[in-house]
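What follows is the residue order along each chain.
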Amino acid sequence: MSPVNATRTYVIQTLGCQMNVHDSERIAGSLDAAGYVPAQDGVEPDLVVFNTCAVRENADNKLYGHLSFLAPTKKTRPDMQIAIGGCLAQKDQGTILKKAPYVDVVFGTHNVGSLPALLERARIEQSAQIEIKEALEHFPSTLPARRHSAFSAWVSISVGCNNTCTFCIVPALRGREKDRPQAEILDEVRALVADGVNEITLLGQNVNAYGVDFGDRTAFAKLLRECGRVEGLDRIRFMSPHPRDFTDDVIEAMAETPNVMPHLHMPLQSGSDRILQSMRRSYRVDRYRGIIEKVRKSMPHSTITTDIIVGFPGEDESDFQETMNLCTELRFLAAYTFQYSKRPGTPAAEMPDQIAPEIVAERYTRLHEHLNALSQSVNQEVVGNTAEVLVTDVEGSRASGKSRDFRLVHFDALEGVRPGDLVDVVIGSAKPHFVLAKGAPLSWRKTRGGDAFAARKKEAEAKGVMLGIPTLKSVPGK
Ligand code: SF4
């Protein structure tokens, strides 16, 4: 048993979407500020935090699977604490403690910053603590953070969502949309850039509805333009926009702001108007198509990625064919596909005409193969072109990164090139999920992002701590 006053170590297991990954940065930052330190690889941590998801399929099974794995350790080391946060905690609350009574803390999506205090209380009172707030206490971005990357950062501009898609639990769990003031967002962007960040992704459940909270429908386009003026910021991305709120001024701001990347990730969900209506997605295929046409007209070299749900209740073969045909027509660079599964608490879970799992699986496979062939051909279009790549990984003589239009690029590393730097490469060949550069990079620009990565690595080596956020895979025996 470790003494109560010894420095306590932690790992965080994130299940779910980008918002959750970003929330985990805040959880880690709050723990760091309270004196916890990340656990070293191979060392059993004193605290395991699960940041859960209620949106993705089987999220609860995954969580309870992880928990049952930890149960024997908790028995032999009762001072090890387990905390559950995120959407599933917000939804299930006390149920978690009934299913896993050895859990120490359950906290919601609105009170991430309370975790250290709740852990302390659980330790002193020797009893489990549940604290779920119905409304946001602090905007997550105002809490301290331990960032995943030295050169690439997320900035949350809004939380919650005012839509009511019938398959989605987010509005029930994260509440109505709350927008952060523009000045506060820009202050954070500038502070991150001053810290060496050269790529920012603006995040929101419905990112382009930004402004709805304070009555300015042009606020998102203005924010993109303002971010574009921040000196030293090489790349700006955003996710995820909703087709309903996608206005022409956003397309103009994208096209006219050189550091906003020519890539749009916009969820489609279905290529059938009948299913979109039943999903309560407030656009139809024609509107989606119209946005893509305008984006491509303004930015001919842009790419489009999307999300698609297969097997929504009532989807028949002809609806599914409409989705397949729309993919062929719109030529997505990539699509993240999901097999529909019931999310308790959502209207779609109560709909008649649920589709048999084997039919969903068969359609999913067909769509997946179709999309792979399309991605390969979309990647083939750029063979022979030069691409600017922001380096993300370097391993020996191999390196990888993302092009401006969001393609994964593998290339031969130049001696000394660092994650965060920018290189220009010639694309030599294409695969469905990546492209390969031909020969060595044509040029290499050392960036402040690369400097920030090198400084963080040096500091981590000197202190013997890890880069980023430690995860459960580093727990012995896992
Ligand atoms: S737009 Fe729809 S799918 Fe997206 S968060 Fe809101 S309710 Fe959920």
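Conventions we followed
- Residues numbered from 1 in each chain as written.
- Predicted model: local features only at pLDDT ≥ 70, side-chain atom pairs only at ≥ 80, totals over all residues.
- Helix = DSSP H or I, 4+ residues; strand = E, 2+ residues; numbered from the N terminus.
- Rg over C-alpha atoms; globule rule 2.2 N^0.38 Å.
- Buried ≥ 20, exposed ≤ 12 C-beta atoms within 10 Å, placed from the backbone.
- Contact = placed C-beta atoms within 7 Å.
- Pairing = 2+ DSSP bridges.
- Near = placed C-beta within 6 Å.
- Nonpolar A, V, L, I, M, F, W, Y, C, P; charged D, E, K, R; others polar.
- Axes fitted to C-alpha atoms, helices over the stretch in contact; angles between N-to-C directions.
- Parallel < 35°, antiparallel > 145°, perpendicular 65-115°, else oblique.
- Left-handed = near helix turned anticlockwise from the far one by under 90°.
- pLDDT = per-residue confidence, 0-100.
- Domains from an automatic or database assignment.

Draft legend 1. The arrangement of the overall build of the chain in detail. Regarding its fold elements, the chain presents 14 helices and 19 strands. Taken over C-alpha atoms, the radius of gyration comes to 23 Å for the chain, in line with the 23 Å a tight globule of 478 residues would show. Taken along the three principal axes of its C-alpha coordinates, the chain extends 65 × 60 × 45 Å. Counting the 478 residues in the chain, one finds 46% classified as buried. Relative to all contacts within the chain whose residues are 6 or more apart in sequence, the contacts with residues 24 or more apart total 75%.

Draft legend 2. Geometry of the pairing of strand β18 (residues 422-430). Note that strand β15 (residues 386-395) and β18 share five bridges and pair antiparallel. Bridging from a neighbouring strand, T386 pairs with V426 of β18. As defined by bridge partners, β18 adjoins strand β19 (residues 435-445) across seven bridges and the pair is classed as antiparallel. Paired with S429 across the bridge in β19 is L436.

Draft legend 3. A look at the site of the ligand. Taken together, C161, N163, C165, C168, V170, P171, Q205, N206 and H242 make up the full set of residues adjacent to the ligand. Among the residues forming the shell around the ligand, the class breakdown is five nonpolar, four polar and no charged.

Draft legend 4. Spotlight on the packing of helix α8 (residues 219-228) against helix α9 (residues 248-256). For the pair α8 and α9, the least separation of the axes is 8 Å and the interaxial angle reads 10°. Compared by their axis directions, α8 and α9 come out roughly parallel. Of α9, the residues touching α8 (which contributes F220, A221, L224 and R225) are D249, V250, E252, A253 and M254. Of the residues in the contact of α8 with α9, the class split is six nonpolar, no polar and three charged.

Draft legend 5. Broad picture of the packing of helix α7 (residues 182-194) against α8. In contact at an axis separation of 11 Å, α7 and α8 are set at 30° when each is read in the N-to-C sense. As judged from the angle between their axes, α7 and α8 are roughly parallel. For α7 against α8, the interelement crossing comes out right-handed. Packed against α7, whose contacting residues are Q182, I185, L186 and V189, the element α8 presents A219, L223, E226 and C227 at the interface. Its residues assigned to classes, the contact of α7 with α8 comprises six nonpolar, one polar and one charged.

Draft legend 6. Expanded view of the sheet that holds strand β14 (residues 334-339). Strand order in the open sheet formed by three strands is β12-β13-β14, and the pairing between neighbours is parallel. One side of each edge strand has no neighbouring strand; the edge strands of this open sheet are β12 (263-265) and β14. With direction set aside, neighbouring strand axes in the sheet form an average angle of 10°. In the sheet, strand β13 (residues 303-310) pairs with β14 via six bridges, with the strands oriented parallel. Among the inter-strand pairings, I308 is bridged to a residue of β14, identified as T337.

Draft legend 7. View of the confidence of the model for the chain. Across the chain, the average pLDDT comes to 89, with 92% of residues at or above 70. For the chain, the element scoring lowest by mean pLDDT is helix α6 (residues 170-174), at 76; helix α12 (residues 317-330) scores highest, at 98. Considering only residues more than four positions removed or in separate chains, one finds that residues 1-5, a stretch of pLDDT under 50, has four contacts. Of the regions scoring below 50 in pLDDT, residues 474-478 engages in 11 contacts with residues more than four places distant in sequence or in other chains.

Draft legend 8. Spatial organisation of the domain arrangement of the chain. Looking at the chain, the domain boundaries give domain 1 (9-137 + 461-474), domain 2 (148-380) and domain 3 (386-446). Look at where the C-alpha atoms of domain 2 and domain 3 centre, and you get two points 26 Å apart. Each partner contributes residues to the interface: domain 2 has 19 residues there, and domain 3 has 13 residues. Going through the elements one at a time, β13 and α13 (357-380) are the ones with two or more residues in the side of domain 2 that touches domain 3. Here the residues of the side of domain 2 that touches domain 3 sort into five nonpolar, 11 polar and three charged.

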